[in-house]
Amino acid sequence: MSDRLFIFDTTLRDGEQVPGCQLNTVEKIQVAKQLETLGVDVIEAGFPISSPGDFNSVIEISKAVTWPTICALTRAVQKDIDVAAEALQYAKHKRIHTGIGTSDSHIKYKFNSTREEIIERAVNAVKYAKRYVEDVEFYAEDAGRTENEYLARVVEAVIKAGATVVNIPDTTGYCLPDEYGAKIKYLMEHVDGIDKAIISTHCHNDLGMATANTISGVLNGARQVEVTINGIGERAGNTSLEEVAMILRCHHDIHIDTNINTQKIYPTSRMVSSLMNMPVQPNKAIVGRNAFAHSSGIHQDGVLKNAQTYEIIDPKDVGIDDNAIVLTARSGRAALKHRLHVLGVEMTQEKLDKVYEDFLKLADKKKDITDDDILVLAGADRNVNHHIKLEYLQVTSGVGVRSVASLGLNISGEHFEAAATGNGPVDAAIKAVKQIIKRQMTLKEFTIQAISKGSDDVGKVHMQVEYDGQMYYGFGANTDIIAASVEAYIDCINKFRK
């Protein structure tokens, strides 16, 4: 059995399905190029038939990257496969990922079909995709809850039809690690022709077992893992790329290697977090802000005497360098451009000039500018074309006094002002916005995150606002957390469907 594990990254497909985390084509290209630098083998670039945006993104990503395989998702439907093949026309290495549900629940309630008909549809889809590309991956949706003997029949049939990779998803995140590993082992031992295809894992984290299930699958014969940066994805997310990569690096006795350049993990994590406006939880394994922090006196003493006492990973192995060059107000455009390049962000001169202006303003407020600050600045220009902009904000607040906010908005060139009191400065500021924007909207979620550790740090605010039965997601970043909150609220309003 091969000791090489293929990394299939679905950040741009499954990961991008997280509400509020959608990227435009330019941003997807940035992420794809960074994934190429990271060393992933396969980039699942989208679901082409789902939208014109996804179709175009697959085309442009195919043009932008060189050596990774570009994969497009489809259902077991001929039209889906036709559109995917068209979207992949410029890919140097192309793969169509087609499939169908195989659990009794899917067969009965989703398809109103029978086991035999599902096998026939699966085989026909693989054969049809094979007309366009040599590399065809088949997914048996809800394989985690599919009876093993029937799943083996499906896998054997699609391999005979020409599938080069067969994906065994734990779609609902239900399986226990020994159960999922046993499923992979059963297939390896009972499917005729299993040596002609690679078995892949695709595990969800609904019960917090995605990484454990994935590793169990690998130990039992799977040689491709489907993962996302930061473990993002629908519901509770997917298996985390960085966790799988570092588990295999730390456990040398497993003797399975990947092509991942682990020193690119941290900057890739920060780029995805910034572009998708999705905070990384502080205690997230490998890439969380506290992943290498020690507060216990016993731990601190041990680490100072020997880092390996409590650290099994050298932070530099995942790209965390405490000695990285820090930019200041005295840094020029060339230094900023170079740092952006190191972080995987390329931009036009016009955009660089705008980011540099914002950089200088921030540098005047902060002593040091971190990589996270730079990524926030690089992604903050998305609101340049918004028709509602915050012109000024003044807030009076304190202990024992009522908070008062006055602000000015520019709405399509017209200037509006309002003032309001509230239960705290953020409440007052948002009430002032509501006096100008007279719509019935409800704040459903409000998250504040400091992106490093200083009191002068940039604060990131994520908001979810309900309007007219729809949810809208907004983002703001500022050294003034009240201003960041108002910017996030306005960002939501700018996205309202007219």
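Residues numbered from 1 in each chain as written. Predicted model: local features only at pLDDT ≥ 70, side-chain atom pairs only at ≥ 80, totals over all residues. Heavy atoms only, no water.

Enquirer: Please clarify how the overall build of the protein should be interpreted in this entry.
Expert: Scanning the protein from N- to C-terminus turns up 16 helices and 14 strands. Relative to the compact-globule value of 23 Å for 498 residues, the protein shows a C-alpha radius of gyration of 25 Å, a close match. The principal-axis extents of the C-alpha atoms in the protein amount to approximately 75 × 60 × 45 Å. In the protein, which comprises 498 residues, the proportion classed as buried is 53%. (Helix = DSSP H or I, 4+ residues; strand = E, 2+ residues; numbered from the N terminus. Rg over C-alpha atoms; globule rule 2.2 N^0.38 Å. Buried < 20%, exposed > 50% of the residue type's maximum accessible area, 1.4 Å probe, protein only.)

Enquirer: How should I be thinking about the UniProt feature "domain: Pyruvate carboxyltransferase" (unreviewed entry) in the protein in this particular structure?
Expert: According to UniProt, the feature "domain: Pyruvate carboxyltransferase" (unreviewed entry) maps to residues 5-266 in the numbering used here. Structurally, residues 5-266 comprises 42% helix and 17% strand, and the distance from its first C-alpha atom to its last is 21 Å. (UniProt positions renumbered as here; feature names shortened; annotations may be inferred.)

Enquirer: When you look at empty space enclosed by the protein in this model, what are you seeing that I'm missing?
Expert: Over the atoms rolls a probe the size of a water molecule, and its path tells where empty space is left. Going through the model one piece at a time under the given rule, you end up with two cavities of 30 Å³ or more. Estimates place the volume of the second largest cavity at around 40 Å³. Around the second largest cavity sit Lys 337, Leu 340, Val 345, Glu 346, Met 347 and Leu 352, which together line it. In terms of residue class, the lining of the second largest cavity is built from four nonpolar, no polar and two charged. (1 Å grid on protein atoms, 1.4 Å probe; cavity = no way out; pocket = protein on both sides within 12 Å on 5 of 7 lines; lining within 4 Å. Points joined across faces, edges and corners; volume = space filled by probe spheres on them. Nonpolar A, V, L, I, M, F, W, Y, C, P; charged D, E, K, R; others polar.)

Enquirer: Can you walk me through the sheet that holds strand 3 (residues 69-73) in this structure?
Expert: One closed barrel accounts for eight strands, arranged 1-2-3-4-5-6-7-8; its pairing is parallel. Taken over all neighbouring pairs, the strand axes of this sheet differ in orientation by 25° on average, direction set aside. Direction of pairing for strand 5 (residues 135-141) relative to strand 6 (residues 165-170): parallel, over a ladder of three bridges. Residue pairing across strands places Phe 138 opposite Val 166, the latter belonging to strand 6. Against the sheet, helix 5 (residues 115-130) touches strand 4 (94-101) and strand 5, its axis set at about 170° to strand 4. Against the sheet, helix 7 (residues 177-190) touches strand 6 and strand 7 (198-203), its axis set at about 160° to strand 7. (Pairing = 2+ DSSP bridges. Axes fitted to C-alpha atoms, helices over the stretch in contact; angles between N-to-C directions. Contact = heavy atoms within 4.5 Å.)

Enquirer: Hey, could you run me through the pattern of salt bridges in this one?
Expert: Working definition: two side chains of opposite charge can pair if their charged atoms are close together. Within this structure, the stated rule accounts for 24 salt bridges. Between Arg 13 and Asp 14 there is a salt bridge, and its shortest N-O distance comes to 3.7 Å. In this structure Arg 13 comes out as buried when scored by relative accessible area, which is 11%. The exposure class assigned to Asp 14 is buried, which follows from its relative accessible area of 2%. Residue Arg 153 is joined to Glu 116 by a salt bridge in which the shortest nitrogen-to-oxygen separation is 2.6 Å. (Salt bridge = Lys/Arg side-chain N within 4 Å of Asp/Glu carboxyl O.)

Enquirer: Just checking my understanding: could you explain the UniProt feature "binding site: Mn(2+)" (unreviewed entry) in the protein for this structure?
Expert: Those residues carrying the UniProt feature "binding site: Mn(2+)" (unreviewed entry) are Asp 14, His 202, His 204 and Asn 238 in this numbering. With the annotated positions falling across 225 residues, the maximum pairwise C-alpha distance of 10.5 Å places them together in a single cluster. Mapped onto the secondary structure, His 202 falls in strand 7. For His 202, a relative accessible area of 6% puts it in the buried group. Ignoring sequence-local partners within four residues, the contact set of His 202 consists of Thr 10, Arg 13, Asp 14, Asn 167, Ile 168, Pro 169, Asp 170, Tyr 180, Glu 226 and Asn 238. Separated by 3.2 Å, the side chains of His 202 and Asp 14 make a polar contact. (Polar contact = N/O pair within 3.5 Å; in protein donor to acceptor, adjacent residues only side chain to side chain.)

Enquirer: In this structure, what is going on with the pairing of strand 10 (residues 403-411)? I would like to understand it.
Expert: Within a regular strand, side chains alternate between the sheet's two faces. Burial analysis of strand 10 places seven of its nine residues in the buried class, the great majority of the element. Sheet topology note: the strand 9 (residues 388-396)/strand 10 ladder contains eight bridges and is antiparallel. Across the sheet, residue Tyr 392 finds its bridge partner in strand 10, namely Gly 408. Counting the residues that bridge the hairpin from strand 9 to strand 10 gives six residues, and of these Gly 400 lies at a positive phi of roughly 85°. Relative to strand 11 (residues 414-422), strand 10 is paired through nine bridges, and the arrangement is antiparallel. Each residue of the ladder has a partner; that of Ser 406, found in strand 11, is Ala 419. As consecutive antiparallel partners, strand 10 and strand 11 are separated by two residues, and within that stretch Ser 412 has a phi angle of approximately 50°, a positive value.

Enquirer: For this particular structure, what's the right way to read the side chain of Ser 216?
Expert: Structurally, Ser 216 can be placed in helix 8 (residues 210-219). Residue classification places Ser 216 among the buried positions, given a relative accessible area of 12%. At 2.7 Å, the side chain of Ser 216 and the backbone oxygen of Pro 177 are in polar contact. Contact partners of Ser 216, with chain neighbours within four places excluded, come to Pro 177, Asp 178 and Gly 181.

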